[in-house]
Amino acid sequence: MVIHPVLLIAIPLLFAFLMPLLKRAKAVTIIILLFNTLLAILMFHNVYNNGPLYEIIAFSPPIGIYLYVDNIAALLAVMINLLAFINFLSVEKVEIKFAMLYLLAVASSTGIVITGDIFNMFVFFEIAAVSSYALVAWKRDKEALEGAIKYMVLGSIASVLMLVGIAFLYSEFRSLNIYDIMNRMDEGSVLILLSFAFLLTGIGVEAEIFPLNGWVPDAYQGAAGSIASLLSFGPSKAGIYAIARLLMIFSWQQSYDLALSVGIMTLLIGELAAFRQENVKRMLAYSSIGQMGLILISLSMLDSTDYAIIAFFFLLVSHAASKGALFLLSERKGFGSNASKYAGIVSVMSLIGMPPMAGFWGKWYIIMGAMQMEAWWIIAAIVFSSVVEAAYFARYLSTTMQEEEHASIIAAYPPAIMATLTLLLGILPFIYKIATIGGVING
Amino acid sequence: MSSETKSIPYLAVVLLLIWLGFVYQPGISMQSFIQELFVGIIVAVAVTILTHRHFEGLGVAYFHPRRVAYFIAFFFVFLWEMVKANLNMARIVLSPELPIKPGIVKVSTSLKQPAAKLFLGNAITLTPGTLTIDYDDGGAYIHWVEVKDEDMGRAGEIIKGRFERLLRGVFS
Amino acid sequence: MIWAIYFAIASLLAIGIYGVITKKNLMKIFISISIMETGVNLMLIAIGYIPGGTAPIENGDFTTYVDPLPQALVLTAIVIGVSVLALALVMVINYYEKNKTLEYRRLMKW
Amino acid sequence: MIFMYIIMGILAISIFLGAYRLLKGPSASDRAVALDALTNITTALLVLIAYLSERFIYLDVALVYAILAFVGVIAIARYLEGGL
Amino acid sequence: MIEDILHYIGMAFVFVGSLFFLLGTIGLIRMPDLYNRMQASTKTTTLGVLSFLVGVGLMELQWMIKLLIIALFVVLTAPVGASALARASYNAGIKLWEKSVVDKYKEREEK
Amino acid sequence: MRRMAGIVLAALLFACIMYAFTFVKTYDYNSSDYYYTDPIEGGKVNETVTGHYIENTKNETGAINAVTAIVVEYRGFDTLGEVTVLFTASTGVSMLLYSLHQRRKRREANLILKEGSKIVLPFILLTGAYIFIHGHLTPGGGFPGGSVIASGFLLMMVAYPKYFLKESRVSITESVAGMIFVLIGMLGLVFASYFLENFLSLGDVGRLFSAGIIPIIYIAIGFKVGAELSGIMNNLKGVEE
Amino acid sequence: MVEMVFAVLIIAFIFTLFIKNNRVASIISLVVSLFPLAAFLDWGREFGINLISIGFENTMNINMAGITLHFSISPLAWFFGIMLFSLIPPILLYSYSFFSKNDGFYPFMILLMVSVMGILLSSDFLSFFLFWELMALGIFIMICRNGDRKAMVRYLSYSVLSGVLILAGIALLYHMNGTLLFAEIMLKADFETMVAITMLIIGFAIKAALMPLHTWVPPVYSTSDEPFVAFLSGGLSKIGYYGMLLLLFAMPGARVMEAYINSSIATYLLAIIGSLTAFFATFLAIFEDDLRKLLAYSSIAQLGYIAVGIGTGSSIAMAGALFQAFNHAFFKATLFLAAGSVAYRTGKWKISELGGVAYKMPLTFMAALFAIFALAAIPITSGFAAKWLLYEAAIERRYVFIAPIMLIAGVGAFLYSFRILYGVFLGENRYPDIKEAPKPMVAGMFLLVMPLIIFLIFPGYMLDMMDSFLSSAGLATISHSPYVIHTTLGNYNTIAVIVGMMFAMIPAFLIYVLRKQHLVDFEDNFIGGEIPSLYEHISMHAAHNFYKPLKDVVMPYLEGGATSIYSSLYKVVEKIADGARKIYDGVVQDYAIYVMLFLLIIAGWLLW
Ligand code: NA
Ligand code: NA
């Protein structure tokens, strides 16, 4: 069966354009997201069995643009669309414009992940950013506006920096295709080094890495729960994947060292900032920053150990699903129903890294990798941050467990489904197979 | 069908002519021209449909040779006045003592149609030394670099010159 | 000549970032960002410039064209910049409605 | 060719003078007036560039520029008098 | 032959046009108040554009039609812009030069 | 303090950019330094990307304007994204202004402006249409064309305090134009093999009816951009009472 | 068959999640809890103890693509399995009356059973860790049920610290050995192994509540449900020691370890820490007014003895440690359940508010009395046998520091036991209207007392149960008959001890019979010349400020203990955290500055 990854982007765009005519925003969006999820799963199946998938758009690369889907990209596409689908179920009153922006954010996040062209990636970043700005401001109150404006200022600076990076890169290679550039990359000339710096800074803002993430707490605090959730599994994850691609292009030891130190800083500062935070969404936002640091650490080990990619996958997926659930829950003061309690505890446990949730495998493989690299400070940082994480999440659970604010069924179940996903990712056998790119892990 | 409504086809025709002016380019082939003409008709009609309602009430009537003749006369008179006045302005600007005596005067007009008022006002504006600021029911307020007369009637004579008469011919 | 343009580019970027950092008025911040965007668009054009080249529109006589790709990119970048600016404007209007000021103030406490 | 340099020189001086008023003001209206004058000069400059590069199609640029400049000046004017 | 003559006439037009620009911008600097500056600049530069466009059209005859269209547009819009700007400035509170002799518009405002 | 930081950082950025420019090499698109490698097949190819555009635009896309060919064909996907950014912003604008009911008094314009804009409007719209219809032949295209059209409506909105566009019409235009863009892309998938591939005949290069899907897409973009920008302005102006 | 037990438990877990009725859930879980017990009893034949014969398989492998989890029974696991799984049915029986509705207690008890069984059966580190953390999760959810912030925060922080340390230790061992199977890991006496072992032991010590890692215990024990605390204190806390024993004595390379143990200060350190834990926790217990916190400190103290045994490392010590573990499991569970019964009827936890409960709840009192005797190691109980072995081991090794400290702690245990006995059950009869606890609760408590009695009379059976572990660990077994334990320092003869100590029962009996004479005047209730103030006059209670003079002497030294060290550490972390939080000052211009700084710094660094 022929899979066209481009449909993952084209279909949501088409229906986002058509939404004002179709009117039935909720039904249409749900159907599209479901369709996309299924398509992504098929695509993953295809990629898994037959190797990376190329889709040429209009002209073969690097003359034209193409989409390049490997294992992880396919998985991310599945993740983004599936979570977007589940998350959307929790939105009770869907306005047409909301649905449009939502679809655009999802499609562009998918686009960032699967495109093989650096400028095309930039364009998708802009769609993701602009739709996120609008979505963050959705509540239209003071907090929402402030968050959105901060996001917007930093996002716009980021896009300028990204473009400067692309310009330098282009002037050096006269090509925009990521894999063409990668093939021709050798020693870093001044322009290439600067291009890396600019691209990393630009994408880093979207990927929420320290110290580029000033917008994160405010935007997450201002946004509605479902939007914060979307941001945490959509654009930000696509951003961190873009950084992974960046490290693949500029794969010098220097870049990995940089990623490692930035990752550790992000981890520690995010967790510490969350530690003293009373506002739930803000705390979750800081915690997201910390998790992003962890993911970045896993990326920094890509070159040194086979575990890194597995750790990356698990951390990414587990954080996406569990943080999504927690942001949805953050709309209410307390858990109220059992489903929500379950969702809350499972998600928190996954973030802290307790087995059998998916988050555990992330920490497991990252520690394994660190051992292999004999990088003790990574382990020290993880130990410290885990304890801090546990402390504030326990505090969080202790307040939310007590409050009995009941939600409608629509709002109660999506987080539970996400939590189940986290759990299933941790315990279902086939997941390991997917994640294990090379060889048997356990003796 | 009022005379106003009759002007609608003329709008389309004028637009088509402008279109042809746009698409004409050095060495254009016949086939290309036919294609352009075809598309031009569509565009002109579409734009006319979109904008004709703004033309109703403007006072632009259909093309009568007399009106066209008046318009051409107006145009050349206007050009002449413009060049003349510009030279005058050059004199003022370049003379060291800056011989000006500015002020805002009011000028009445017998023109009724908005389009006629517009053309009058524009003509006045474009002839340097005078600048139409506003219209009200009684007439136009004009900023004048060298106020030669503050009286409404006499100032009007100086400023409007031959424009008003010619425009009355165009818009009658 | 090209160095004058380079100078302009670097200046635009520097002025823009200076504005973002020092201005308190939100509108000015976004205008500063627009200035940066202008700088980077100019940069793309400058990088695509080939001495003696003209617009890459075929007309038979010329043999040297400038690099068309950056121009296409700039087109995209301009539209994106305009879009973001429009949205920013609306945000600022909303901000003004809510806070009755254009001065950026920190509202959220930590 | 010398002729063209002269023309360009005159235009440059004009633009310089206009820019001076644009920057100096003192009122917003002064700046708007300076801008209006500058757009006229720029339109001419675009036509000149088209002529110098012998590209007929560049004239479209001047056309579009003239339109956008006009609308821009009107918008500024209306903003100044509180008509927006 | 005729083309050459037209070419030189065109050059003259272009030259005159650019002189008008210069004139206009000098007026912009020299004139004492906004309204007088407008008098000097807007319209002189408009005439400058017209002259310039016609001049280029004479130098490159095949371009004439499009240039005339542009010129038509400029002629139509420049006074509108000037008028709008003048009134806006007046409404925005820009005073006439203190040596102005009369202000009928103000009297109308006071009515 | 912040001012100091601003100066220092701006100066450093300036220095950084200027330093970078000293390394920018003059580009020669025939030089083998810039020969690309095929990302799918692998291996070096004996041409540069730019060289390919310059050499083949006409026979591959039917467009004279290489920029247009890149914008609509070679990198049409970017353009779809670009249109989407604008669309997203316009959606965001209308969403955010939905709650703001500005009923402040606006000063009427003078007669000259009012009547003048009525007369200029058709001319501007015509120009806009000309620009986006001839995108493959001239430096114009969907974006400038659309902007010109929007500027026409902006003129009316500015001249008349009570002039509003009908929200529904704007939105339908946007939707249909966007749909056409995506559907043409998909038809490429159906009738040829790639998304956005030119599945129509290229025709006689240089004529209006040539370059296959390029003018169609550019017209769609023109409408879309025009509608979106007009819609943004309409929304910025306030809500129709 | 192992699969079946797991399957039954998991099905029961899911099933009980959805049952609201307490009694049904209780019965289901009670029945289900017999399965693992039966399995463990059955596996006794592997180690020479034929109790029942069903024929359970005792190995299992779970294959998940790329990863295999290995399970099999080992002598050590068997011992702990018998101990833990015989605790559970009585506790569940008790719960039948204790709870009024099923709001999560039963399913998570079953989940804890799953995790315990998984931990005990796992024979590779991955499965060990998975189930270890499942246990941590189960405990956390149990704590969540009551939602006490302090308990949750402390428990989860410690638990995660423990988990991550263990994880790191495992990863290090894996890194050095290339395998996770217990049977294939060779422990070497090199630096990295020591680091790994240290990390693992710290991780285990947190669960075992060794000082100074014990501070999570008091809030957790004092705020959770009694049946759960009974299992937590009696059962789950031993899993930490299971881990230590597994690591130090049950892995290949244990010879190396043994040599290491005999020479190095590291394990001696464990013994010292254990004895200090016993010492300090005992004092904390003496002065504690909250019954549950008293029991919590008591647990910490008693668990310290086990650490002494492991740290000492000789076979007698090991036997003593295991014996102590077994005893503690049952008497502490009984005490928590008894405390639960008292609170069930009176609603009070403060010793100063309780008194005379024994008169209306004689059966509860009987059970508690026996448990208290075991706790205080009064020689007529099995508790004495265990401690005797430990003293002997310490003396044999000439641990001149540890032995006296343990003795002092033993006296201390007697002191706080007396407070429970006197303050709660005897003394002024403050609750004349209460009834005896419901029958299932009483039955549960008595079932828990049973093993204490059995091993009082037949300590040899206990040693039988340990023999295979001791020999598999390369330690000499201890020669014994059912009644007599032969050691180098002498013989321990139960019959003689019991007969001899029968006389000690007489005073206790007298206290009970002559209770009315014990309604003392408050003037009589001071020791050491402390003059009670006028306020104390009003609410004077026989057990109020019982050991005040002692407290005044000791407390100043205790106050600078672990808790305050942690709280100052916590303050430091808080300061740093505030610093981190201040980076996000909410000013967008500052954020822009950060972005530019980042850009320029990395650009500079890259270009350098
Ligand atoms: Na103008
Ligand atoms: Na174009």
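Details of the structure are given in the entry above.
Residues numbered from 1 in each chain as written. Chains lettered and ligands numbered in written order. Predicted model: local features only at pLDDT ≥ 70, side-chain atom pairs only at ≥ 80, totals over all residues. Heavy atoms only, no water.

Caption draft 1: Representation of the environment of C:Arg105 in the model. Its place among the elements puts C:Arg105 in the segment after helix H3 (68-99). Looking at C:Arg105, the relative accessible area reads 39%, which means it is partly exposed. Each C-alpha atom of the pair C:Arg105 and C:Leu26 lies 9.5 Å from the other, and the pair is 79 residues apart in sequence. Once residues within four sequence positions are removed from consideration, C:Arg105 is found in contact with A:Glu146, C:Tyr95 and C:Asn99. (Helix = DSSP H or I, 4+ residues; strand = E, 2+ residues; numbered from the N terminus. Buried < 20%, exposed > 50% of the residue type's maximum accessible area, 1.4 Å probe, protein only. Contact = heavy atoms within 4.5 Å.)

Caption draft 2: Region of interest: the arrangement of the chains. Sorting the 13 pairs of chains in contact by contact count puts chains A and G at the top. A gap remains between chain B and chain G, which never touch, and the nearest two C-alpha atoms on either side lie 44 Å apart. The two units chain E and chain G remain apart, with a minimum C-alpha distance of 33 Å.

Caption draft 3: Expanded view of the environment of D:Val47. Relative to the elements of secondary structure, D:Val47 occurs in helix H2 (residues 28-52). Note on D:Val47: relative accessible area 0%, which makes it buried. Separated by 11 residues in sequence, D:Val47 and D:Tyr58 have C-alpha atoms that sit 7.5 Å apart. Filtering out sequence-adjacent residues up to four positions away, D:Val47 remains in contact with D:Leu59, D:Ala62, E:Leu53, E:Val56 and E:Leu67.

Caption draft 4: The interface of chain G and chain F, seen in detail. Listed as interface residues are nine residues of chain G and, on the opposing side, seven residues of chain F. For the pair chain G and chain F, the summed buried surface comes to about 650 Å²; carbon and sulfur atoms form 86% of the total. Of all residues in chain G, G:Ile593, G:Met596 and G:Leu600 bury the most surface against chain F, accounting for 59% of the area lost on that side. At the boundary of chain G with chain F, the tally comes to one salt bridge. For F:Arg2, the salt bridge is made with G:Asp590, and the minimal N-O distance between the two is 3.0 Å. Linking chain G to chain F there are one residue pair in polar contact (both at pLDDT 80 or more). The residue makeup of the side of chain G that touches chain F, split by class, is seven nonpolar, one polar and one charged. (Buried area = accessible area lost by both parts, 1.4 Å probe. Salt bridge = Lys/Arg side-chain N within 4 Å of Asp/Glu carboxyl O. Polar contact = N/O pair within 3.5 Å; in protein donor to acceptor, adjacent residues only side chain to side chain. Nonpolar A, V, L, I, M, F, W, Y, C, P; charged D, E, K, R; others polar.)

Caption draft 5: The arrangement of helix H7 (residues 191-207) of chain G in detail. Residue and element names in this part refer to chain G. When the terminal C-alpha atoms of H7 are compared, their 25 Å separation across 17 residues agrees well with the 24 Å that a helix rising 1.5 Å per residue should span. Across the 17 residues that make up H7, a large majority, 12, are buried. Those residues of H7 lying buried are Thr193, Met194, Ala196, Ile197, Met199, Leu200, Ile201, Gly203, Phe204, Ala205, Ile206 and Lys207. A positive phi of about 60 degrees marks Ala209, the residue just after H7. (Expected span 1.5 Å × (residues − 1).)

Caption draft 6: Focus on the packing of aromatic side chains. All told, the structure shown has 81 aromatic pairs over all chains when counted by the stated rule. Seen from their ring centres, A:Tyr66 and A:Tyr68 are 6.4 Å apart, and the 45 degrees between their planes marks the pair as tilted. For the pair A:Tyr66 and A:Tyr68, one class covers both residues: buried. Ring centres of B:Phe71 and B:Phe119 lie 6.0 Å apart, and the angle between their planes is 80 degrees; on these two criteria the pair is classed as edge-to-face. Pair noted here: B:Phe71 is in helix H3 (residues 65-94) and B:Phe119 is in helix H4 (residues 114-126), with a separation of 48 residues, a long-range link. With relative accessibility at 33%, the residue B:Phe71 sits in the partly exposed group. Using a relative accessible area of 18% as the deciding quantity, one classes B:Phe119 as buried. Geometry around A:Trp138 places A:Arg140 over its ring, the cationic atom sitting 5.2 Å from the centre. F:Lys224 extends its terminal NZ or CZ atom over the ring of A:Phe17, reaching a point 3.9 Å from the ring centre. (Phe/Tyr/Trp six-rings, centres within 6.5 Å; stacked < 30°, edge-to-face > 60°. Lys NZ or Arg CZ within 6 Å of the ring centre and 35° of its normal.)

Caption draft 7: Seen up close, the packing of helix H3 (residues 64-91) of chain E against helix H5 (residues 111-133) of chain F. With their axes 10 Å apart at the nearest point, H3(E) and H5(F) run at an angle of 145 degrees to one another. In this structure, H3(E) meets H5(F) at a crossing whose hand is left-handed. Contacts between H3(E) and H5(F) pair E:Lys66, E:Ile69, E:Phe73, E:Leu76, E:Thr77, E:Val80, E:Ser83 and E:Ala84 from the former with F:Ile112, F:Leu113, F:Gly116, F:Ile119, F:Val120, F:Phe123, F:Ile124 and F:Tyr130 from the latter. In terms of residue class, the contact of H3(E) with H5(F) is built from 12 nonpolar, three polar and one charged. (Axes fitted to C-alpha atoms, helices over the stretch in contact; angles between N-to-C directions. Left-handed = near helix turned anticlockwise from the far one by under 90°.)

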